[in-house]
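Structural characterization, general
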Amino acid sequence: MRPPFAGPTSPLESTVMVQPSILVLSSSPSSTSKTARVAEHILHQLEGPLATVRHIRLRDLPPAALLRADASDPQIAEAVAAVEQASGIVIATPIYKAAYSGLLKVFLDLLPQFALAGKIVLPCATGGSLAHVLALDYGLRPVLQSMGARHIVQSQFVLEPHLKIEGDSLSVDDVTGATLLEAIYHFRCALGHAPPHDQLGHPRPERADGTASG
């Protein structure tokens, strides 16, 4: 099957194609959020000529309008529109008390029931313990599925001790960096931005050139 973004094949197709949009949502309420830094790290890996990429920090939305689910508020309306227009969405959340953030829950609740219909979604979480590694699959994934997501990439859990922040820069250890790159590759494949590979289910597969991902 032809990748969806390989380019127009007819005059009619050339008139209706638009550059796909990737939206990164980070949902930590903290102003010094490691989750937002991880979201930025992923965003930079996705930047390129095939799509526009945007990062929305949910903590920057007006809290009163968010809690009231006031879709008439201009900033809320703009965020909802960004979700509607996106072909792919990266959702980054901290794990609090074995669950994704309340800020993310409030935002998802104000979206239309099938706001993710036809979209590719990459869920990612940060947390301090592997005890919460399944919080995304048991807590968040069913919600995303109920909202109509076409494909949800394998969830990624990033341990906070594996992150190092120096000034404005974020670095991750080799294993975490490799698994994140592989998740991003899966995401790009699902969007049609990269050729699919016969080992997409493997966390660190050997590619055709004999090298491991990451």
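Please refer to the structure placed before this passage.
Residues numbered from 1 in each chain as written. Predicted model: local features only at pLDDT ≥ 70, side-chain atom pairs only at ≥ 80, totals over all residues. Heavy atoms only, no water.

**Some remarks on helix α7 (residues 174–191)**
Since the α-helix packs 3.6 residues into each turn, any two residues three or four apart lie on the same face. Compared with an ideal rise of 1.5 Å per residue, which puts 18 residues at 26 Å, α7 spans 26 Å between its outermost C-alpha atoms and is within 8% of the ideal. Every buried residue of α7 is listed here: Thr176, Gly177, Ala178, Leu180, Glu182, Ala183, Ile184, Tyr185, His186, Phe187, Cys189 and Leu191. Next to the buried residues of α7 lie β1 (21–26), α2 (34–46), β3 (88–96), β5 (120–127), β7 (156–159) and β9 (169–172). Gly192, located one to two residues past α7, shows a positive phi value of around 90°. (Helix = DSSP H or I, 4+ residues; strand = E, 2+ residues; numbered from the N terminus. Expected span 1.5 Å × (residues − 1). Buried < 20%, exposed > 50% of the residue type's maximum accessible area, 1.4 Å probe, protein only. Contact = heavy atoms within 4.5 Å.)

**A look at the layout of surface pockets**
Reported here for the largest pocket is a volume of approximately 280 Å³. As for the largest pocket, its lining consists of 16 residues, of which Val133, Ser155, Gln156, Phe157 and Val158 are closest to the centre. For the lining of the largest pocket, the secondary-structure elements that each account for two or more residues are α6 (135–146), β7 and α7. Per-class residue counts for the lining of the largest pocket are nine nonpolar, six polar and one charged. (1 Å grid on protein atoms, 1.4 Å probe; cavity = no way out; pocket = protein on both sides within 12 Å on 5 of 7 lines; lining within 4 Å. Points joined across faces, edges and corners; volume = space filled by probe spheres on them. Nonpolar A, V, L, I, M, F, W, Y, C, P; charged D, E, K, R; others polar.)

**Quick word on the pairing of β1**
Summarising burial for β1: six of the six residues are buried, a large majority. The alternating pattern of β1 places Ser21, Leu23 and Leu25 on one face and Ile22, Val24 and Ser26 on the opposite face, and all of these are buried. Here β1 runs beside strand β2 (residues 52–57); their pairing, made up of six bridges, is parallel. Of the residues in β2, the one forming a bridge with Ile22 is Val53. Crossover β1 to β2 through α2 is right-handed. (Pairing = 2+ DSSP bridges. Right-handed = clockwise from strand over helix to strand, strands pointing away.)

**So, the pattern of salt bridges**
Inspection of the entire model under this criterion finds six salt bridges. With a shortest N-O distance of 3.1 Å, Arg57 and Glu40 are connected by a salt bridge. Within this pair, whereas Arg57 is found in strand β2, its partner Glu40 is found in helix α2, the two being separated by 17 residues in sequence. A salt bridge links Lys105 to Asp109; the nearest nitrogen and oxygen atoms lie 3.2 Å apart. Note that Lys105 and Asp109 are positioned in helix α5 (residues 102–110) at a spacing of four residues, about one turn of the helix. What makes Lys105 partly exposed here is its relative accessible area of 36%. (Salt bridge = Lys/Arg side-chain N within 4 Å of Asp/Glu carboxyl O.)

Treat this as a map of the structure, not an account of what it does.
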